[in-house]
Structures are given as structure tokens and as C-alpha cells.
Amino acid sequence: MQKINKICCIGAGYVGGPTMSVIANKCPDIQVTVVDINADRIAQWNTEDLDQLPIYEPGLKEIVGESRGKNLFFSTEVDKAIDEAQMIFISVNTPTKTYGKGKGQAADLKYVELCARNIAQVATTDKIVVEKSTLPVRTAQAIKSILDNSGSEVNFEILSNPEFLAEGTAIDDLLHADRVLIGGNDTPEGQAAKDALSAVYENWLPKERILQTNVWSSELSKLVANAFLAQRVSSINSISALCEKTDANIAEISRAIGFDSRIGPKFLNASVGFGGSCFQKDILNLVYIARSFGLPEVADYWEQVIIMNDYQKRRFAEQMIQTLYNTISGKKIVLLGWAFKKDTNDTRESAAIYVADALLEERAELVVYDPKVNAERIYADLDYLNTRSPEENRKLLTVATDPMEMVQDAHAVAILTEWDAFKDYDWTAIYDKMLKPAFVFDGRRILGTKQMNDIGFNYYKIGES
Ligand code: NAD
Ligand code: UGA
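The rules behind these values
Residues numbered from 1 in each chain as written. Chains lettered and ligands numbered in written order. Predicted model: local features only at pLDDT ≥ 70, side-chain atom pairs only at ≥ 80, totals over all residues. Heavy atoms only, no water. Near = heavy atom within 4 Å. Polar contact = N/O pair within 3.5 Å; in protein donor to acceptor, adjacent residues only side chain to side chain. Areas by Shrake-Rupley, 256 points an atom, 1.4 Å probe, with all protein chains shown as cover. Nonpolar A, V, L, I, M, F, W, Y, C, P; charged D, E, K, R; others polar. Disulfide = S-S within 2.5 Å. Axes fitted to C-alpha atoms, helices over the stretch in contact; angles between N-to-C directions. Helix = DSSP H or I, 4+ residues; strand = E, 2+ residues; numbered from the N terminus. Parallel < 35°, antiparallel > 145°, perpendicular 65-115°, else oblique. Left-handed = near helix turned anticlockwise from the far one by under 90°. Contact = heavy atoms within 4.5 Å. Buried < 20%, exposed > 50% of the residue type's maximum accessible area, 1.4 Å probe, protein only. Pairing = 2+ DSSP bridges. Right-handed = clockwise from strand over helix to strand, strands pointing away. Salt bridge = Lys/Arg side-chain N within 4 Å of Asp/Glu carboxyl O. Core = buried A, V, L, I, M, F, W, Y, C linked by side-chain atoms within 4.5 Å.

**Student:** Could you give me a rundown of the site of ligand 1, with the residues and numbers involved?
**Tutor:** Residues in close proximity to ligand 1 total 25 residues, the closest being Asp36, Arg41, Thr94, Glu167 and Lys281. Contact distances for ligand 1 include 3.0 Å between an oxygen atom and a backbone N or O atom of Tyr14. Arg348 places a side-chain nitrogen or oxygen 3.0 Å from an oxygen atom of ligand 1. Alone, ligand 1 offers 830 Å² of accessible surface; in the complex the protein occludes 92% of this. A breakdown of the residues in the shell around ligand 1 according to their chemical character gives nine nonpolar, nine polar and seven charged.

**Student:** Kindly report on the state of the cysteines, identifying the contributing residues and their values.
**Tutor:** Tallying each qualifying case throughout the model produces zero disulfides. Cysteine Cys27 shares no disulfide, and the gap to the nearest cysteine sulfur, in Cys9, comes to 14 Å.

**Student:** Can you tell me about the site of ligand 2, naming the residues and giving the values?
**Tutor:** Residues in close proximity to ligand 2 total 20 residues, the closest being Phe164, Leu165, Ser271, Cys278 and Arg444. Here an oxygen atom of ligand 2 and a backbone polar atom of Glu167 are 2.8 Å apart. Within the side chain of Asn226, one N or O atom sits 2.8 Å away from an oxygen atom of ligand 2. Its free accessible area being 700 Å², ligand 2 has 90% of it covered by the protein chains. Taken together, the residues of the shell around ligand 2 sort by class into 11 nonpolar, four polar and five charged.

**Student:** Residue-level account of the packing of helix 1 (residues 16-26) against helix 3 (residues 60-67), with values.
**Tutor:** Running from N to C, helix 1 and helix 3 point in directions that differ by 50°, and their axes come no closer than 9 Å. Taken together, helix 1 and helix 3 sit at an angle that is classed as oblique. Between helix 1 and helix 3 lies a crossing whose hand is left-handed. Residues Pro18, Ser21, Val22, Ala24 and Asn25 of helix 1 form the contact with helix 3, whose participating residues are Leu60, Ile63, Val64, Glu66 and Ser67. Of the residues that constitute the contact of helix 1 with helix 3, the class distribution is six nonpolar, three polar and one charged.

**Student:** Can you break down the pairing of strand 7 (residues 180-183) residue by residue, with the values?
**Tutor:** Of the two faces of strand 7, both are covered, the one formed by Val180 and Ile182 as well as the one formed by Leu181 and Gly183. Relative to strand 8 (residues 210-213), strand 7 is paired through four bridges, and the arrangement is parallel. Residue pairing for strand 8: Leu181 is matched across the bridge by Leu211. Taking the sense of rotation as the criterion, the β-α-β connection linking strand 7, helix 8 (residues 188-201) and strand 8 turns out right-handed.

**Student:** Give me the pattern of salt bridges: which residues, what numbers.
**Tutor:** This model, assessed by the stated rule, comprises 26 salt bridges. Residues Asp51 and Lys61 are paired through a salt bridge, measuring 2.7 Å at the closest nitrogen-oxygen approach. You can see Asp51 sitting in the loop between helix 2 (39-45) and helix 3 and its partner Lys61 sitting in helix 3, a full 10 residues away along the chain. Judged by relative accessible area, which is 54%, Asp51 ranks as exposed. The exposure class of Lys61 is partly exposed, given its relative accessible area of 33%.

**Student:** Quick one: what's the story with the nonpolar core, residue by residue and with numbers?
**Tutor:** Ranked by size, the top nonpolar core spans 64 residues in total, and within it Phe316, Leu335, Leu336, Trp338, Trp427 and Phe457 carry the most contacts. Per-element tally for this core: the top contributor is helix 13 (residues 351-361), with seven residues. Ignoring sequence-local partners within four residues, the contact set of Phe457 consists of Trp427, Ile430, Tyr431, Met434, Ala438, Val440 and Met452. Of all hydrophobic cores here, the second largest spans 42 residues; its members include Cys9, Ile30, Phe74 and Ala193.

Structure (C-alpha cells):
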């Protein structure tokens, strides 16, 4: 079996950066080079001040600090890194298509294809090419076709090795992965490539957690894993709406059903809706694939997960408007949290964006605070929706840096990200500063109902009447 000692990863994003940092950290004999066409991003990965890395993840800066400059490198020299490596991970973005066939559903594979063409062009020695990005089933076929038609004598072996880390816990997820999935061909060369990649992970993970499958099962498993996880959130969120009508309590229901070992307790927290760069994109992709293969019932089934999530975000904003006497024009409303979950600075598809948009349409005056997201990002997220002009967004929404000052004379506070710090706020002091009656809308269920009612708040918590 080939011993891997030089790895290249194309794409220094939320997956490429943390994943390669952990590989380098756990495999001192392997030189890992992460490359990206975005020079600013690479410069940030190389920054002296580890607090300025482009991604915030607990534990990341320590790992980068230990390995960078030894066997972990971040570079814009894509061609050089490709040619030197024995194993190349493709870890570029695969967003939902915004144009042409499959617009709004299919995955846009242009970045992946560019990587394949780049590898085909510059490789002078045999390579194992690893799909790390999340890809539609059978993408490996297209990659293989591009690589095999490069006109060179170089042999390429394609593996699928989807990533299962969740943001906010990326380092822990990588260090203690439930499983690693490696899909490859059943030929002797395919088996050798799978074993070579397995050996990399065996540096820190037990062999029995490294699963080998065929390429197509591996590609499809990734979409299915995300679809199942998102489905659980939509399922519990659908029941949260019913709880609010019936005096049942969603936390009690999650607990009661989660005790059934066949159901299990995880991913049953009702919320304002799931966000993140992947759940929606991957389900839309699954829906598109099912429809393309003539399976409309399958497509409709999974599409409902997205429909329910959109409903939950809309329902939360409507609940706020209705409770605030059906008029929020000119009312000061504080939004706590903008990231799609705690412990990350990632805001992609965050429910906060859609709740804010709905409130701004009613001409509310919003003040937003998130401990890890800056004003530039918040405005960019809103401008991207194109609902209002950038000037209007800046007029109606301000970004706060001092969470206590911003609540002065506010009508309402809405909690949109479950940052731990929000639980520790002095809610009595907040109540004193707000206009009365003072409202709190808890989209993350992080505060105690009794505590908030005792202080005097009108307190709405998702899933409780
Ligand atoms: P990202 O947008 O953070 O990073 C992708 C990077 O690839 C960008 O920095 C971009 O500049 C770079 N890139 C694009 N084309 C390039 C090219 N031709 N050459 C060099 N660099 C190029 O994306 P991400 O969140 O890291 O996601 C990457 C993939 O991993 C996606 O398919 C995603 O679905 C999947 N995934 C993401 C997560 C997550 O938590 N974010 C988890 C599991 C899987
Ligand atoms: C998710 C998966 O958990 C990862 O396994 C996968 O690798 C990744 O997508 C991906 O492919 O990108 P991530 O989106 O980073 O990870 O974070 P999650 O913890 O899954 O949370 C997703 C969203 O669901 C968040 O908005 C979160 O707040 C919400 N959520 C999660 C709930 O509302 N309730 C829950 O019980 C759990």
C-alpha cells in the first residue's frame, strides 16, 4: 500500500481549513498544504494573530498554532501543491445553482469541475483524488472522465470521503468522529487507494469507525445523513406549532420521545428554524436528483422538510408582529444572535436573516448583536436578499457592540442564536431598561419561562403556549 506523505487540499473554507489542520496535527509525517484561489482567505490563515483566522471554531487556533509552518501550510500556489501531492482533497463550495437547468435546487458543480480540470492539467505523477465536498451521487464519474481525458499518462483514482463535522464543534467532531466514510472502486487500485486514505485516519481514529463502501453509496450517504438530521428538526418544529395550540410543552415531548432508544434524544430541540450552508442546499439537491430520476413522490417527501423550515421562520416573525399589537413600525426590537447556531461566525442561511427581513418589511427599527458576527456581514446578508435597498437596510437596522446599552427603550428582544452568554445576561436589568410591557421572544428556548415571567416579561418561547 502506498504510504501518503504529501497531501494537498483545494479549498481553505469551513471544511478544508479545520479538516486539514487536524490531519496535519495528528499525522506529523504528512506534509499538508491547503490552497485556495482566494488570496485574502489564505492571508488570514497565515496571520500571526491566531485570533484573526478566517474561521472561528473552538480549539481551531490551538491546532493551527501547533502545526502551521511545521507540516501545515496555507498557500495560493495551487498548481505547485497539486503536482507535489500524492493525495488531493477537493473541498470547494458546492452551492445551489442560481442559473440555468436545476436553478434553485441542483448543486452548482462548476468549482469542482474547475478543480478537476486544474488537476488534469498540472499533474505529472499518479494521484488519489478525494471528493471532500458534498456532491450529488455519480459526480465521481464526471471527475474521472475529465481526469482521464487530460491526454497525459497519469493515473487517477477517485475516492469519496464526505465530511460530517458540524460547525461550532468542528474540531471535536474531527478528533472523535462517529465514523469516517470512504467510497471507492472495487478494483485492486481502488482498494489500495481506500486503504491509503484509511491509514491517514487510523493515526487517531479506531479502524472499526472507518467505513468503506462503493463510491455512489458514499456520495449519496452524505446527502441522506443531512436530510435525516434536518428532517428531525423539521419534525419537532412542526410539533412545536401544535404545542402552542394545545398547552402541551415541546421540551416535555422531546424528552418523552427521545427516551425511546429507537428515536434517541439528539436533534430534537425546537427552534426558530435550521440554518447553515448545507441542510437546505443538500436537501434541495436530493429533491432535484429524485425528480431527475423520475421519483416525484420521493422528491415531494423530502421537499416538505424545507417547506416546514420556511414555515417555522415565518411563523416566528408573524408571532412577534401579532403579539406586538400587529404593528411594529418604528418600534425598537433587539435581535440577539445572527449566526446560524452558537460557537460559529458562520451566518449562511441563518434563520435570523429571514426573521429580520420580515420585521424590516413591517418597518421595525432593528438592533442586532452577535458576539462573533460583524456589521459588514450582517448588512451583506440582508442586502443579498434584495428586498430593500442597502441604504434602507442601514437606516432601519443598526449593529450593536454593547448588549446592555442596546436594550434601552426597546419594545422587544428576540433570541435567534443560542449563544451561552445570552443565558447569563442580567435579565432583570434588561427589563428595567425596556419599555413596558416588555416582550421577549425566545426562538432558541434558552431561558426559563418562570424566571422570565417572574421578572415581568411577556415571554414567548417556541413550543409553549
Ligand atoms: P467554503 O465556501 O467555506 O470554502 C470553499 C473554498 O473553496 C473557498 O475559500 C473558495 O475560494 C475555494 N475555491 C473554490 N473554487 C476553487 C478553486 N477552483 N481552486 C481553489 N479554491 C477554490 O465552503 P465549505 O463550507 O468549506 O464547504 C465545502 C464543501 O464541504 C461543500 O460541498 C459543503 O457542502 C461541504 N461541507 C460543509 C460543511 C460545513 O460545515 N460547512 C460540513 C460538511 C460538508
Ligand atoms: C450539519 C450536520 O450536523 C453535519 O453532520 C454536516 O457535516 C454539516 O451539516 C454539513 O454538511 O454542512 P451544521 O449545519 O454545521 O452541521 O450544524 P448542526 O448542528 O447540524 O445545526 C444545523 C442547524 O439546525 C442549526 O441552525 C441548528 O441551530 C439547527 N438545529 C439543530 C435545531 O434547530 N435543533 C436541533 O435539535 C439541532
